[in-house]
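# A structural walkthrough
The lines below spell out each chain.
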Amino acid sequence: SDSQKDLVTEYANKNLFQGSLKPYPLWGAQIQAFMNAAGDTETCIRRNTCDPIRGRNIHVNFVPRSEGKEIILFITKADATAFFKDMSYGGEASGGSLAVLLGIIKSLSQVRDNDQNNDFNQLSAEFMVTFLQGESFDYSGSQRFAYDLRRG
């Protein structure tokens, strides 16, 4: 509820370092709420009491795939985790790497689009940009990416 969220936010703000030498953290919280966890994933799925983690990896090739060419991968995670709904401070953690990767995409696209002599397609390597989901959960995004690469 909003009152619980406000209370947690208030005490989290009290924990911010204010230049004192007091031990950190000053305040903590013990959460006493019923959870539906079944102990492990296998039991949880068998009992149908949990949802699988879902997400989509995004892969971008700049030219159609060619056999025999090396691939230069630019990869970043595109997700975060949160203990409380609507309080996923980690959502901003991947912002820097996402911005860099988008800049790379823009630069490579401009080079490709302004290529009068078709030199971009003659490079000895190809570029692939990938945004991974599920990295915060046991690297499931990169594991799926590796699986997809092996399958072709």
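For the structure itself, look to the data block above.
An account of the accompanying structure is given in this report. Only a predicted model underlies this, so the values are computations on that prediction, with no experimental measurement involved.

Analysis parameters
Throughout, a residue's number is its position along its own chain's written sequence, starting from 1. This being a predicted model, a pLDDT of at least 70 is required before a residue's local features are given, and a value of 80 or more before pairs of side-chain atoms are given or counted; all residues contribute to the totals for chains, interfaces and linings. Side-chain numbers here rest on the full set of heavy atoms in the structure, without hydrogens or water. Note on conventions: DSSP H or I runs of at least 4 residues are helices, E runs of at least 2 residues are strands, and numbering of each starts at the N terminus. Categorising residues by exposure relies on relative accessible area from a 1.4 Å probe, with only protein chains included: less than 20% of the type maximum marks a residue as buried, more than 50% marks it as exposed, and the intermediate range marks it as partly exposed. Contacts are residue-level and defined by heavy atoms, with any inter-residue pair within 4.5 Å sufficient. For the accessible areas, the method is Shrake-Rupley and the probe is 1.4 Å, while residue cover comes only from the protein chains on display. Only when DSSP finds a minimum of two bridges between them are two strands counted as paired. Exposure above 30% relative accessible area and the absence of a salt bridge qualify a residue for a patch, where like charges join within 9 Å and nonpolar side chains (Val, Leu, Ile, Met, Phe, Trp, Tyr) within 5 Å. Throughout this description, the term salt bridge denotes a Lys or Arg side-chain nitrogen within 4 Å of a carboxyl oxygen of Asp or Glu. Here a polar contact means two N or O atoms within 3.5 Å. Within protein one must be a hydrogen donor candidate and the other an acceptor candidate, and residues neighboring in sequence count only if both atoms are side-chain atoms.

With that settled, the discussion passes to the overall build of the protein. Across its full length, the protein carries four helices and three strands. Sorting the 152 residues of the protein into buried and exposed places 18% on the buried side. Expressed as a percentage of contacts within the protein between residues at least 6 apart in sequence, the contacts between residues at least 24 apart total 69%. Surface accessibility of the protein: about 12100 Å² in total, with carbon and sulfur atoms responsible for 53%.

The next subject is the pairing of strand 3 (residues 125–132). Among the eight residues that make up strand 3, eight are buried, leaving the element largely enclosed by the rest of the structure. Taking every second residue as pointing to the same face, both faces of strand 3 are buried, with Ala125, Phe127, Val129 and Phe131 on one and Glu126, Met128, Thr130 and Leu132 on the other. In the sheet, strand 1 (residues 58–61) pairs with strand 3 via four bridges, with the strands oriented antiparallel. Of the residues in strand 3, the one forming a bridge with Asn61 is Met128. Sheet topology places strand 2 (residues 70–77) next to strand 3; eight bridges connect them, and they run parallel.

Next up on the list: a nonpolar patch on the surface. A surface patch of nonpolar side chains, about 310 Å² in accessible area, is lined by Ile71, Leu73, Ile75 and Leu149. With respect to the helices and strands, Leu149 occurs in helix 4 (residues 140–151). Judged by relative accessible area, which is 46%, Leu149 ranks as partly exposed.

On to the pattern of salt bridges. This model, assessed by the stated rule, comprises two salt bridges. Linking Asp113 and Arg112 is a salt bridge whose minimum nitrogen-to-oxygen distance equals 3.2 Å. Using a relative accessible area of 30% as the deciding quantity, one classes Arg112 as partly exposed. Here Asp148 makes a salt bridge to Arg144, at a shortest N to O gap of 3.0 Å. Placement of both Asp148 and Arg144 in helix 4 is noted, with a separation of four residues, approximately one turn of the helix. Assessed through its relative accessible area of 24%, Asp148 is described here as partly exposed. The class of Arg144 is partly exposed, set by a relative accessible area of 43%.

Structurally, the position occupied by Asn57 is in the loop between helix 2 (41–47) and strand 1. Here the side chain of Asn57 touches Gln133 through a polar contact of 2.9 Å, landing on its backbone nitrogen. At a separation of 2.9 Å, a polar atom in the side chain of Asn57 contacts the main-chain carbonyl oxygen of Gly141. Here Asn57 is in contact with Phe131, Leu132, Gln133, Gly141, Arg144 and Phe145, once residues within four sequence places are set aside.

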